[in-house]
Amino acid sequence: MTESNSLGGRFRRYARVSTAMGGIAARAAGEKYLGFKGDRARMASDLREALGGLKGPLMKVAQIMSTIPDALPPEFTAELTQLQADAPRMGWPFVKRRMTAELGPNWLGRFASFDHDAVAAASLGQVHRAIHPDGRALACKLQYPDMDSTVEADLSQLKIIIGLYRRYDGAIDPTEIHAEITERLREELDYAREARNMRLYRHMLRDEAGVHVPEPIADLSTKRLLTMTWLQGERLLTFVNHSPEERNHLAYNMFRAWYVPFYDYGVIHGDPHLGNYTVREDFSVNLLDFGTIRVFRPVFVQGVIDLYIALRDNDQERAVHAYDCWGFRDLSKDTIAVLNQWAKFIYGPLLEDRVRNIQEDLPMGGNQGRQVAEKVHQDLKAIGGVTPPREFVLMDRAAIGLGSVFWHLKAEINWFQMFHELIDNFDVDALARRQTEALTGVGLVPSDLGVG
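Note that the structure is a prediction, hence the values are computed from the model and not measured. (Residues numbered from 1 in each chain as written. Predicted model: local features only at pLDDT ≥ 70, side-chain atom pairs only at ≥ 80, totals over all residues. Heavy atoms only, no water.)

## Overview of the overall build of the protein
Phase 1: Regarding its fold elements, the protein presents 17 helices and 12 strands.
Phase 2: For the protein, with 452 residues in total, the buried portion stands at 55%.
Phase 3: Total accessible area computed for the protein in this model is approximately 19400 Å², and 50% of it derives from carbon and sulfur atoms. (Helix = DSSP H or I, 4+ residues; strand = E, 2+ residues; numbered from the N terminus. Buried < 20%, exposed > 50% of the residue type's maximum accessible area, 1.4 Å probe, protein only. Areas by Shrake-Rupley, 256 points an atom, 1.4 Å probe, with all protein chains shown as cover.)

The structure is reproduced here in structure tokens:
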């Protein structure tokens, strides 16, 4: 069975949303022509209605956009966050066809057992439990049919969403945000690449006793089937009422899971969604789903540390250098001052050498972040706007996602010391060497990733 990014597949996808999206776009265009600002809340509600029936990548993209500060206005965010992440499971006839196409007609004999019903379903595929002939428990992730066409159609629809926003607001140019999400989503379709990502994470976190990464099973995997070892664990939210010591231990492991790869190798897990990790009885973390990872230029990581030091020491020149390392261009002093408002919010827990309850810095959880983001948004709009560079997008999203996790856990930690454990011996040239060796070791070519 051959699947491709077909014109027919894209057309069918377009047809499902074209009427609703076209109506929204026409109303926006008319409002602009007539010179008045329309009802963004109504437009956002219409947008969710148009997208709500799509159990696929556009839903996933909408959820990602809703977590990136200022990628969309708050009215859009409020509606898009209501989209549900769980897609309906595909039945056994689909599973048999897909598995036959990927592993051949005798595929079932390659497993000791294979569950007919999926245990999880998301926007691009579903997961089945199985048992390897050697007794290991397995998770088999099957991609839904015709996803190449679906993704390309949905990315085109995303342009319409972004276009609607830009009709109303010029504070943030989301062009690079769209470009970044487009590339990451296309990569996520390639399960062979995700297997290489998984091996990369097993290498980077090999010395972290508090973090576990599944092992991909090469002879039972293809571009559209990813078979890996099953990691048993419970959802993080089941641990929020444990003792402070246990919650802090869990928060520490989460911090190490995300940021050891970043500061040692310039790599980050780009989707800190609650469904992408589980927790063991000893409060160690199972890190899951490696379809969206981001590899950064070593100098970008240096910029993250430089901005921290600039904020700590009130060093304006160093802040300018940090933003330049990130890819911001031609920033005025006023623009840097506005961007620093957001940076101080993100870096806040790291700036003092003392134990801090995360809710001291985030007293209202996500709402506090939204209020800061809206203030930054208005100030940027007043001085002419800014274009966030591509590398900034998932880094910012990871920080917000992890902040939300720590907030749920009511974590009380010396964040300053935990951060300095990672950065005190930072050497950008050493990171570059480790990164190149690690990527090439798992078959990810640095030049293809825009690094090195």
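## Some words on the pattern of salt bridges
Phase 1: Summed over all chains, the structure comprises 20 salt bridges.
Phase 2: Of the charged contacts in the structure, one is a salt bridge between E187 and R193, with a shortest N-O distance of 3.3 Å.
Phase 3: In this structure R193 comes out as buried when scored by relative accessible area, which is 17%.
Phase 4: A salt bridge links R256 to E421; its shortest N-O distance comes to 3.7 Å. Of this pair, R256 sits in helix α9 (residues 244–265) while E421 sits in helix α16 (residues 415–423), and the two are 165 residues apart along the sequence.
Phase 5: Here R256 falls in the buried class, since its relative accessible area comes to 13%.
Phase 6: A network of salt bridges, in which partner residues are shared, links E180, E183, R184, E187, R193 and R294. (Salt bridge = Lys/Arg side-chain N within 4 Å of Asp/Glu carboxyl O.)

## Considering the packing of aromatic side chains
Phase 1: All told, the structure shown has 22 aromatic pairs when counted by the stated rule.
Phase 2: Centroid distance W107 to F111: 6.4 Å. Interplanar angle 75°. Geometry classified as edge-to-face.
Phase 3: Consider the rings of F406 and W415, whose centres lie 4.9 Å apart with planes at 45°: the pair is tilted.
Phase 4: In textbook terms, an aromatic cluster arises when at least three aromatic residues are bridged by ring pairs, as seen for F255, Y259, F262, Y263, F296, F300, Y308, Y323, W326, F328, Y347 and F419.
Phase 5: Note that R294 overlies the ring of F296, its terminal NZ or CZ placed 5.6 Å from the centroid.
Phase 6: When the ring centre of Y265 is taken as reference, the NZ or CZ atom of R434 above it lies at 6.0 Å. (Phe/Tyr/Trp six-rings, centres within 6.5 Å; stacked < 30°, edge-to-face > 60°. Lys NZ or Arg CZ within 6 Å of the ring centre and 35° of its normal.)

## A few points about the confidence of the model for the protein
Caution applies to low-pLDDT parts of the model: their predicted coordinates are not meant to be read in detail.
Phase 1: Averaged over every residue, the pLDDT of the protein is 80; the share at 70 or more is 73%.
Phase 2: Below a pLDDT of 50 lies the segment residues 7–11, which in the model reaches six contacts outside its immediate sequence neighbourhood of four places, other chains included.
Phase 3: Counted against residues more than four places away or in other chains, residues 13–22, with its pLDDT under 50, gives 24 contacts. (pLDDT = per-residue confidence, 0-100. Contact = heavy atoms within 4.5 Å.)

## Concerning the sheet that holds strand β9 (residues 285–287)
Phase 1: With mixed pairing, the three strands of this open sheet are ordered in space as β5-β9-β8. Either end of the sheet is taken by a strand with one partner, and the two such strands are β5 (211–212) and β8 (277–279).
Phase 2: Here β5 runs beside β9; their pairing, made up of two bridges, is parallel. Looking at β9, one finds that V211 is bridged to V285.
Phase 3: Seen against the sheet, α9 touches β5, β8 and β9 and runs at an angle of roughly 25° to β9. (Pairing = 2+ DSSP bridges. Axes fitted to C-alpha atoms, helices over the stretch in contact; angles between N-to-C directions.)

## With respect to the environment of Y265
Phase 1: Take Y265: it is sitting in helix α9.
Phase 2: Given the relative accessible area of 7%, Y265 is considered buried.
Phase 3: Along the primary structure Y265 and Q435 are separated by 170 residues, whereas in three dimensions their C-alpha atoms are 4.9 Å apart.
Phase 4: For Y265, the residues in contact, after removing those within four places along its chain, are H203, M204, R206, V260, L431, R434, Q435 and A438.
Phase 5: Engagement of the side chain of Y265 in a polar contact is seen with the side chain of R206, the distance being 3.3 Å. (Polar contact = N/O pair within 3.5 Å; in protein donor to acceptor, adjacent residues only side chain to side chain.)

## Some thoughts on the pairing of strand β3 (residues 125–131)
Phase 1: A large share of β3 lies buried, amounting to five of its seven residues.
Phase 2: Two elements, strand β1 (residues 113–114) and β3, share two bridges in a ladder whose sense is antiparallel. Of the residues in β3, the one forming a bridge with F114 is A130.
Phase 3: Where strand β2 (residues 120–121) and β3 come together, two bridges link them in antiparallel fashion. For A120, the partnering residue across the bridge sits in β3 and is V127.
Phase 4: When β3 meets strand β4 (residues 137–143), the two strands line up antiparallel, connected through seven bridges.

## Concerning unusual backbone geometry
Phase 1: The phi dihedral of F283 is positive, around 70°, even though this residue is not glycine.
Phase 2: Here F283 is to be found in the loop between β8 and β9.
Phase 3: Taking relative accessible area as the criterion, F283 reaches 11% and is therefore assigned buried.
Phase 4: With a phi angle near 50°, K410 is a residue other than glycine that sits in the positive phi range.
Phase 5: Structurally, K410 is set in the loop between α15 (390–409) and β12 (412–413).

## A few points about α9
Phase 1: With 22 residues, α9 ought to run about 32 Å at 1.5 Å a step, and its terminal C-alpha atoms sit 31 Å apart, in line with that.
Phase 2: Roughly 35° is the biggest bend found in α9, and it falls at Y259, with proline P261 one to four residues downstream.
Phase 3: In terms of residue burial, α9 counts as a mostly covered element, since 16 of its 22 residues are buried.
Phase 4: Residue G266 follows α9 closely and has a positive phi angle near 70°. (Expected span 1.5 Å × (residues − 1). Bend = angle between axes of the 7 residues up to and from the residue.)

## Focus on the packing of helix α10 (residues 298–313) against α16
Phase 1: Two numbers describe how α10 lies on α16: the axes approach to 12 Å, and their chain directions differ by 135°. On the basis of their axis angle, the class for α10 and α16 is oblique. For the pair α10 and α16, the sense of crossing is left-handed. Only F416, F419, H420 and I423 of α16 make contact with α10, whose side of the interface consists of I305, Y308 and R312.
Phase 2: In terms of residue class, the contact of α10 with α16 is made up of five nonpolar, one polar and one charged. (Parallel < 35°, antiparallel > 145°, perpendicular 65-115°, else oblique. Left-handed = near helix turned anticlockwise from the far one by under 90°. Nonpolar A, V, L, I, M, F, W, Y, C, P; charged D, E, K, R; others polar.)

## A look at the environment of R356
Phase 1: Of note, R356 is situated in strand β11 (residues 356–357).
Phase 2: It is 5.6 Å that separates the C-alpha atoms of R356 and I413, two residues lying 57 residues apart in sequence.

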